[in-house]
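What the coordinates show
Residue-level listing of the chains:
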Amino acid sequence: WGNAFLDDDEGDEDDHDPATSAAVATVSATVDLSGADGGSGGVGGSGADGGERRARRAALRSRRQRDHVLQQLVTMIGTNVALYNTLLHFFRTLFVNTRNPLFCQLRVDVLMALHEKGVSDIYELDPCHPFAWCVDACVRTDAVNERRVDELRNCLEPIADNDAVLGDLAMIARSPYVYNMLVRAVLQRLKSVVENELIPKEDVALAELTAVCQLALRARSMFVSTTFVKPSATDDELFSTFYPMLAAKLLDDIMRELELDDDDEDLGEGGGLDGGGSSGVGLLLLPPPPPLLPPL
């Protein structure tokens, strides 16, 4: 993503106390990220073959059910709203102090596990639930279609600046599964813009997905500064400099693929190396080589 997508706090030094380090080790053993970088879907993305995609979706659906520690957390919370809020505060604190996005993943997983268990006394009170449900559905299907983009926008629009809920929404977007899906969706959308000869700044879906990615990268800095502001949907640096440069690279790749396809078709029509159509074996006949030594 280049400098435009670098976290503002990336250069700071990590300084973990023993308790925090133990918590990180526990979470790393708890959260399964085996499929977080798989697939190549997105908006209109073809991804891998059908069998591989179906297997990945099934694995993602069952990941929370197979996580015994996560299920124990859900059982422990029950319908206790105060305990749920305390756990979320614990996740925020550890995320800020360790910069480890696994705590963002736990923020999503606990909420969605409560949803799957039908604990409406908890998840219906969480203002992040519609957003978490939407991005979780995008991860499970490995795609972000136009309807999902509209749902994401509808989840973010009612949230005003200086509302601390933005920090939790940013944490959800920063979770490894979700953020990886969003970045791939942006790339697929930009490729679609190039193929349809459009301008990146005029594509609404690209702008909305970019805003969510920027929100994710500001998650930690929001909590540190206690300044909760939504990013602009049309960042000048991204849409006037970065995206046009990336679009030019994508266009070069597309043109290169078309040229290779044309070369393959020309070879096929020629019927072989000697251009003799479909007759014969299509081998180029060379003249006999000269003798190595002159005759006696």
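Each chain carries its own residue numbering, running from 1 in the direction its sequence is written. Given that the model is predicted, a residue must reach a pLDDT of at least 70 before its local features are reported, and side-chain atom pairs must reach 80 or more before they are shown or counted; all residues, however, enter totals for whole chains, interfaces and linings. Just so you know, side-chain values use all the structure's heavy atoms and leave hydrogens and water out.

Let us now look at a nonpolar patch on the surface. Candidates for patches are residues over 30% relative accessible area with no salt bridge; among them, like charges are joined within 9 Å and nonpolar side chains (Val, Leu, Ile, Met, Phe, Trp, Tyr) within 5 Å. Computed by Shrake-Rupley with a 1.4 Å probe, the accessible areas treat only the displayed protein chains as cover when residues are assessed. Should a side-chain nitrogen of Lys or Arg be within 4 Å of a carboxyl oxygen of Asp or Glu, the pair is scored as a salt bridge. Together, L251, M255 and L258 make up an exposed nonpolar region whose accessible area comes to about 260 Å². In this structure L258 comes out as partly exposed when scored by relative accessible area, which is 44%. Burial classes follow relative accessibility: with a 1.4 Å probe on protein chains only, a residue under 20% of its type's maximum area counts as buried, one over 50% as exposed, and anything between as partly exposed.

Before going further, it helps to examine the confidence of the model for the protein. Taken over all residues, the pLDDT of the protein has a mean of 79, while the share at 70 or more is 67%. Of all the helices and strands in the protein, helix α1 (residues 18-30) carries the lowest mean pLDDT, 52, while helix α9 (residues 165-174) carries the highest, 97. Note that pLDDT drops below 50 for residues 10-14; the model gives that stretch 5 contacts with residues more than four away or on any other chain. As a per-residue measure, pLDDT reflects the predictor's confidence and takes values from 0 up to 100. Helix and strand labels come from DSSP, where a helix needs a run of H or I of at least four residues and a strand needs a run of E of at least two; each type is numbered from the N terminus. Two residues qualify as a contact provided that any one of their heavy atoms is within 4.5 Å of a heavy atom in the partner residue.

As a further point, take the side chain of H129. Within the secondary structure, H129 sits in helix α7 (residues 129-141). You can call H129 buried: its relative accessible area is 13%. Those residues within four positions of H129 in sequence are excluded, and the remaining contacts are L111, H115 and Y123.

What follows covers the packing of α7 against helix α10 (residues 176-195). Think of each axis as a best-fit line through the C-alpha atoms, taken over the contacting stretch in the case of a helix, with angles from 0 to 180 degrees between the N-to-C directions. The contact between α7 and α10 brings their axes to 9 Å, and the two run at 70°. One way to sum up the angle between α7 and α10 is to call them roughly perpendicular. Listed contacts from α10 to V135, C138 and V139 of α7 are Y177, V178 and M181. Each angle is binned into one of four classes, with values under 35 degrees roughly parallel, values over 145 roughly antiparallel, values of 65 to 115 roughly perpendicular, and all other values oblique.

This part takes up the nonpolar core. Nonpolar side chains in soluble globular proteins tend to be buried together. Remark: nonpolar core denotes a set of buried residues (Ala, Val, Leu, Ile, Met, Phe, Trp, Tyr, Cys) joined through side-chain atoms within 4.5 Å. Membership of the largest hydrophobic core comes to 72 residues, with the highest contact counts inside it found for V110, F131 and L169. Of all the elements, α10 adds the most residues to this core, at 10 residues.

Right, let's get into the side chain of Q105. Examined against the element boundaries, Q105 turns out to sit in helix α5 (residues 102-117). Among the polar contacts listed, one links the side chain of Q105 to the backbone nitrogen of Y177, at a separation of 3.4 Å. Pairs of N or O atoms are called polar contacts if they sit within 3.5 Å, as long as, within protein, a hydrogen donor faces a hydrogen acceptor (for residues adjacent in sequence, only side-chain-to-side-chain pairs).

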